[in-house]
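Each chain, written out:
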Amino acid sequence: MIEVRDLVKHYGEVRAVDGVSFQCPDGHITGLLGPNGAGKTTTLRMICGLIRPMQGTVIVDGHDVGQNPAAVRRALGVQTDSSGTYPRLTPREHFTYFGGFYGLSGSELGARVQAVIDMLGMGEFADRRTEGFSRGQRQKVILGRALVHDPKNVIMDEPTSGLDVMAVRETRDIIRLLRDRGHCVLFTTHYMDEAARLCDRVAIIVRGRIAAVGSPAELMGKTGCDSLEDAFVALAGGAQGLLVSEYANAYGNAYGNAGGGIDSNDRGGDAGGRAR
């Protein structure tokens with residue numbers, strides 16, 4: 001379970017995240033939705049322990065990210081929207097390499113690597129070098145690296161962005177499978193139809209603050225809208241509220257989504273800055 005408690009992060013006078021609180025229960029898919037520059041990526045980076053909040057904290061399975069960031073990272077699996085893989089390594093070698101950063105070794109590591117390959121349906125290309133892989137295949141490698149240590153909590157940053165129809169369907173099935181196995185799944189997306197299909201809960205963030213939290217049906221009922229997209233626009237303050245946030249306007253999104261996701265500009269941590 002991930003508990004976000006009153007997170008605050010300012011850059012100068014810009015309030016990138018301004019008192020954000022929400023919960024992501026086990027066995028649920030929680031969507032963090034918001035326009036570009038709303039504070040999503042900054043919030044995810046604080047959850048992962050990549051940047052320190054000015055105020056508030058994050059609790060992951062009872063571990064405080066400020067007091068025990070290493071335990072939080074072990075409890076998290078993070079798939080970014082980056083498409084970077086090591087081209088000379090096979091998927092199996094990727095998973096073995098990253099599993100070692102989480103203390104896995106020997107038969108335990110081998111079993112986990114094979115379990116991830118089987119779960120993601122990668123048997124046909126598990127022992128091929130990733131050079132020349134499609135974007136969908138690379139995304140599976142990145143997700144597998146995040147899952148090799150069998151974390152209870154999984155964070156996915158725009159996991160279907162840029163994928164073809166079949167890869168999107170596969171990714172959505174994997175997200176549902178993780179939920180059905182009892183994992184806590186937190187993910188971001190700009191596709192409202194995807195959020196409506198997948199999410200048990202949605203937290204909408206606008207200008208660094210949570211505008212609403214609830215199931216898609218609850219948010220549609222609250223706004224009197226027939227779709228999550230319309231409810232999102234209404235809760236975000238209408239079309240004008242979606243044009244640009246204070247954060248993106250002031251900094252050109254330099255600290256938010258520009259540069260591509262959770263781990264851009266933050267290369268510290270485990271496994272070259274990617275296994276977090």
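Residues numbered from 1 in each chain as written. Predicted model: local features only at pLDDT ≥ 70, side-chain atom pairs only at ≥ 80, totals over all residues. Heavy atoms only, no water.

The buried fraction of strand 3 (residues 29-33) is high, at five of five residues. Alternating positions in strand 3 separate into two faces, Ile29, Gly31 and Leu33 on one and Thr30 and Leu32 on the other, with burial throughout. With four bridges joining them, strand 3 and strand 8 (residues 184-188) adopt parallel strand pairing. Of the residues in strand 8, the one forming a bridge with Ile29 is Val185. (Buried < 20%, exposed > 50% of the residue type's maximum accessible area, 1.4 Å probe, protein only. Helix = DSSP H or I, 4+ residues; strand = E, 2+ residues; numbered from the N terminus. Pairing = 2+ DSSP bridges.)

With that settled, the discussion passes to the sheet that holds strand 7 (residues 153-157). Strand order in this open sheet of six strands is 6-7-8-3-9-10, and the pairing throughout is mixed. The sheet terminates laterally at strand 6 (76-79) and strand 10 (209-214), the two strands that pair on one side only. Across the sheet, the mean angle from the axis of one strand to that of its neighbour is 15°, orientation sign disregarded. As paired strands, strand 3 and strand 9 (residues 201-206) are joined by four bridges and run parallel to one another. (Axes fitted to C-alpha atoms, helices over the stretch in contact; angles between N-to-C directions.)

As enumerated under the stated definition, the model contains nine salt bridges in all. In this structure, Lys140 and Glu170 form a salt bridge, with 3.4 Å as the shortest nitrogen-oxygen distance. Linking Lys140 in helix 5 (residues 135-147) with Glu170 in helix 6 (residues 165-180), this pair joins segments that are 30 residues apart in sequence. Residue Lys140 is classed as buried on the basis of its relative accessible area of 11%. Since its relative accessible area comes to 40%, Glu170 is described here as partly exposed. Arg172 is the partner of Glu194 in a salt bridge, and the nearest nitrogen-oxygen pair spans 3.0 Å. Taken together, the residues span a long stretch of sequence, with Glu194 in helix 7 (residues 192-198) and Arg172 in helix 6 at a distance of 22 residues. A residue is classified by how much of its surface remains accessible, and Arg172, at 11% relative accessible area, is buried. (Salt bridge = Lys/Arg side-chain N within 4 Å of Asp/Glu carboxyl O.)

In space, the four strands of this open sheet follow the order 2-1-4-5, with antiparallel pairing throughout. Looking at the sheet topology across the chains shown, the edges are occupied by strand 2 (14-24) and strand 5 (63-64). Note: strand 1 (residues 2-11) against strand 2, eight bridges, orientation antiparallel. From the neighbouring strand, Leu7 faces strand 2, where its bridge partner is Val20. Packing of helix 1 (residues 40-48) onto the sheet brings it into contact with strand 1, strand 2 and strand 4 (55-60), and relative to strand 1 it is tilted by some 120°. (Contact = heavy atoms within 4.5 Å.)

This brings us to the packing of aromatic side chains. Per the stated rule, a full pass over the model turns up six aromatic pairs. Both rings, one in Tyr86 and one in Phe98, keep their centres 6.5 Å apart while their planes meet at 40°; by these two values the pair is tilted. With Tyr86 in the loop between strand 6 and helix 3 (91-101) and Phe98 in helix 3, this pair connects stretches of sequence that are twelve residues apart. What makes Phe98 buried here is its relative accessible area of 0%. (Phe/Tyr/Trp six-rings, centres within 6.5 Å; stacked < 30°, edge-to-face > 60°.)

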